[in-house]
Amino acid sequence: MCLKTTHRTLEQHNNRSKTKKMNTNNQKEAQTKLTKGLLDMIILQYLEHESMHGYQLITRIRKGFGVYFGPSTIYPLLGLLEKKGYVKSIWNMDAERPRKVYNLTNEGKDVLNFTENSLNLICKTMVTDNKIQLQAATHTSTRLKLHV
């Protein structure tokens, strides 16, 4: 009897651990997807606060979002952002070794502000729609109970 109870308890614990692990994995996957999708805006936001070189951005993104993007992702994206006119680079020759430092341009600030406003609107819409759906579901279930 005691062995069966212990086995059931361990099984329940393992199931809870798997659920927690799945939730953690799902959260990590969602965070990675969002970070990838918004990487250009994340870079612009960091550059809004201070000028940085590529390796600084890689480090800040990894520390801030828990997602690693290597040089083969960040540097081409910085080149694209510069081509679009959102960032401007200058060579810093004062450091131990020359580094290309990126600054946010006025056009980059405009794009960043527009994107932030758009994201806020999307989030507000999602919350509002979710509340409406919940209210509708509550009203529907209440009506069903009344008619039964």
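Right above here is the structure, for reference.
Our subject in this report is the structure included herewith. (Residues numbered from 1 in each chain as written. Predicted model: local features only at pLDDT ≥ 70, side-chain atom pairs only at ≥ 80, totals over all residues. Heavy atoms only, no water.)

### Describing the packing of helix H3 (residues 54-65) against helix H4 (residues 71-83)
Right, so step 1: The interhelical angle for the contact between H3 and H4, taken along N-to-C directions, is 120°, at an axis separation of 10 Å. Considered as vectors, H3 and H4 are oriented oblique to each other. For H3 against H4, the interelement crossing comes out right-handed. Packed against H3, whose contacting residues are Gly-54, Tyr-55, Leu-57, Ile-58 and Ile-61, the element H4 presents Pro-71, Ile-74, Tyr-75 and Leu-78 at the interface. (Axes fitted to C-alpha atoms, helices over the stretch in contact; angles between N-to-C directions. Helix = DSSP H or I, 4+ residues; strand = E, 2+ residues; numbered from the N terminus. Parallel < 35°, antiparallel > 145°, perpendicular 65-115°, else oblique. Left-handed = near helix turned anticlockwise from the far one by under 90°. Contact = heavy atoms within 4.5 Å.)

### Observations regarding a nonpolar patch on the surface
Right, so step 1: Side chains of Leu-119, Ile-122 and Met-126 sit close together on the surface and give an oily, nonpolar patch of about 290 Å² of accessible area.
Right, so step 2: Inspection of the secondary structure puts Met-126 in helix H5 (residues 106-147).
Right, so step 3: Given a relative accessible area of 57%, Met-126 falls into the exposed group. (Patch = residues over 30% accessible without salt bridge, like charges linked within 9 Å, V, L, I, M, F, W, Y side chains within 5 Å. Areas by Shrake-Rupley, 256 points an atom, 1.4 Å probe, with all protein chains shown as cover. Salt bridge = Lys/Arg side-chain N within 4 Å of Asp/Glu carboxyl O. Buried < 20%, exposed > 50% of the residue type's maximum accessible area, 1.4 Å probe, protein only.)

### A word on H4
Right, so step 1: Counted at 1.5 Å a residue, the expected span for H4 with its 13 residues is 18 Å, and the 18 Å between its end C-alpha atoms agrees.
Right, so step 2: Residues of H4 that are buried include every one of Ile-74, Leu-77, Leu-78 and Leu-81, and no others. Within H4, the buried residues cover an arc of 105° as seen down the axis, which keeps them to one side. Residues of H4 that are exposed and angled more than 90 degrees away from the buried face: Ser-72 and Lys-83.
Right, so step 3: Along its buried surface, H4 packs onto helix H2 (39-49), H3, strand E2 (87-92) and strand E3 (99-104).
Right, so step 4: Where H4 terminates, the next one or two residues include Gly-85, which has phi positive at roughly 90°. (Expected span 1.5 Å × (residues − 1). Arc of directions from axis to C-beta.)

Any link to function would need more than the numbers given here.
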